[in-house]
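# Structural features, examined
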Amino acid sequence: MIMAGTRTTTAHSPLRRLAASAALLAGAILLGMFAVERTHVAFAQPAGAPLAVTVDLCAKAGTVTMPDAVVVPIWGYALKPAAVDCTDPSVVAGIPGPTLDVRVGYQVTVNLHNELPGTEAASLNFPGQPLAPDLVGVAPGSVATYSFFADAPGTSIYESGTNSTVQTAMGLYGALIVRPTVFGRAYTFGDTAFDSEATLVLSEIDPAANAAAGAFNFLDYDPKYFLINGKAYPQTDEIPAAPGQRLLLRYVNAGIRNHG
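Structure report, in brief. In this text, all values refer to a predicted model and were calculated from it rather than measured experimentally.

Scoring rules and cut-offs
- Residues numbered from 1 in each chain as written.
- Predicted model: local features only at pLDDT ≥ 70, side-chain atom pairs only at ≥ 80, totals over all residues.
- Heavy atoms only, no water.
- Helix = DSSP H or I, 4+ residues; strand = E, 2+ residues; numbered from the N terminus.
- Buried < 20%, exposed > 50% of the residue type's maximum accessible area, 1.4 Å probe, protein only.
- Core = buried A, V, L, I, M, F, W, Y, C linked by side-chain atoms within 4.5 Å.
- Contact = heavy atoms within 4.5 Å.
- Pairing = 2+ DSSP bridges.
- Axes fitted to C-alpha atoms, helices over the stretch in contact; angles between N-to-C directions.
- Disulfide = S-S within 2.5 Å.
- Salt bridge = Lys/Arg side-chain N within 4 Å of Asp/Glu carboxyl O.

## As for unusual backbone geometry
Here Ile 95 and Pro 96 are connected by a cis peptide whose omega angle stands at -10°. The omega torsion across Tyr 233 and Pro 234 is 10°, close enough to zero to call that bond cis. Following the sequence through the fold, Pro 234 ends up in the loop between strand E13 (225–228) and strand E14 (246–253). Its identity as a non-glycine residue notwithstanding, Ala 83 has a phi of 65°, on the positive side. Here Ala 83 shows up in the loop between strand E5 (71–79) and strand E6 (99–103). Look at Ala 83 and you get exposed, because its relative accessible area is 85%. Phi at Asn 229 takes a positive value of approximately 55°, unusual for a residue other than glycine. Within the element layout of this structure, Asn 229 appears in the loop between E13 and E14.

## Notes on the nonpolar core
Counting 28 residues, the largest nonpolar core has Val 108, Val 110, Leu 112, Leu 124 and Phe 126 as the members making the most contacts within it. Of all the secondary-structure elements, those providing two or more residues to this core are strand E4 (52–65), E5, E6, strand E7 (107–115), strand E9 (143–149), helix H1 (164–170) and strand E11 (173–179). At four residues, E4 tops the list of elements feeding residues into this core. When sequence neighbours within four positions are dropped, the list of residues in contact with Val 108 reads Val 53, Val 102, Tyr 146, Ser 147, Phe 148 and Ala 150.

## A closer look at the sheet that holds E5
With mixed pairing, the four strands of this open sheet are ordered in space as E5-E4-E7-E9. Only two strands of the sheet have a single neighbouring strand rather than two, namely E5 and E9. The sheet shows a mean angle of 20° between the axes of neighbouring strands, taken without regard to direction. When E7 meets E9, the two strands line up antiparallel, connected through seven bridges. Note on E9: the bridge partner recorded for Gln 107 is Phe 149.

## Notes on the state of the cysteines
One pass over the structure, following the stated rule, counts one disulfide. Through a disulfide, Cys 58 is tied to Cys 86; the S-S separation comes to 2.0 Å. Because the sign of the S-S torsion sets the handedness, a value of about -75° for the bond joining Cys 58 and Cys 86 places this disulfide among the left-handed ones. Of this pair, Cys 58 sits in strand E4 while Cys 86 sits in the loop between E5 and E6, placing them 28 residues apart in sequence. Of the two residues examined, Cys 58 and Cys 86, each falls in the buried class.

## Here's the deal with the pattern of salt bridges
Under the criterion given, the structure shown has five salt bridges. Linking Arg 179 and Asp 101 is a salt bridge whose minimum nitrogen-to-oxygen distance equals 2.8 Å. Within this pair, whereas Arg 179 is found in strand E11, its partner Asp 101 is found in strand E6, the two being separated by 78 residues in sequence. According to the relative accessible area criterion, Arg 179 is buried, its value standing at 13%. On the basis of relative accessibility, which here comes to 5%, the residue Asp 101 falls in the buried class. A salt bridge links Asp 237 to Lys 231; its shortest N-O distance comes to 2.8 Å. Asp 237 gets classed as partly exposed once you look at its relative accessible area, which sits at 24%. Under the relative-accessibility criterion, Lys 231 is labelled partly exposed at 28%. One salt-bridge network, in which partners are shared between bridges, spans Asp 101, Arg 179, Glu 197 and Arg 250.

Right, dumping it as structure tokens:
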């Protein structure tokens, strides 16, 4: 069953490896086993509390190391802890950004702290959400605030809205999950029930583009690494699923290239 941003399948392997998944995402066949998300942030509200969540994200420079030991510069998102500045070394940017996990009916507010190098402006877009795109953004050292009402269950992307070709290639993207009020379903109807789930954010890296940042000519874009949740094979992780379980795969294509 294919749903908008999701797919359910049944796990058969006693080794807990999803052998049938190679046919599920054609763009990921060469990557080996699938990876679980790098960081997952689920927001739970106490009983009687307002249905509202706020998260602070830092957009900043970082690095990732590929399986062949090549270190690639990136721009990524990181969670900003309370009372910790985005410039603190403990706040580490990675790809993809944290998965934001909310319930339908929540008012979602995201504060974006721009700590990108130089004069690089930054913004956030939430495709599929009732929020106008921000194509301008704010300068380094500034904060932009985005707020929307999560009115429909599903899986979507959040990503850079400023200089998006460059910034998305550098790593400024993540997944947004909006869950229905019924636990254990992708949507409200019963045939979307599942036992286990995983979020798969697919992307790629051309080290030449990342090394040159804004100076790169994207007509020459030629990715060398294809990623699932920021990892290339054989660094990718398994999806834990017991035999006979119904597994929900939440699929996000964050790359410039198509991935299935």
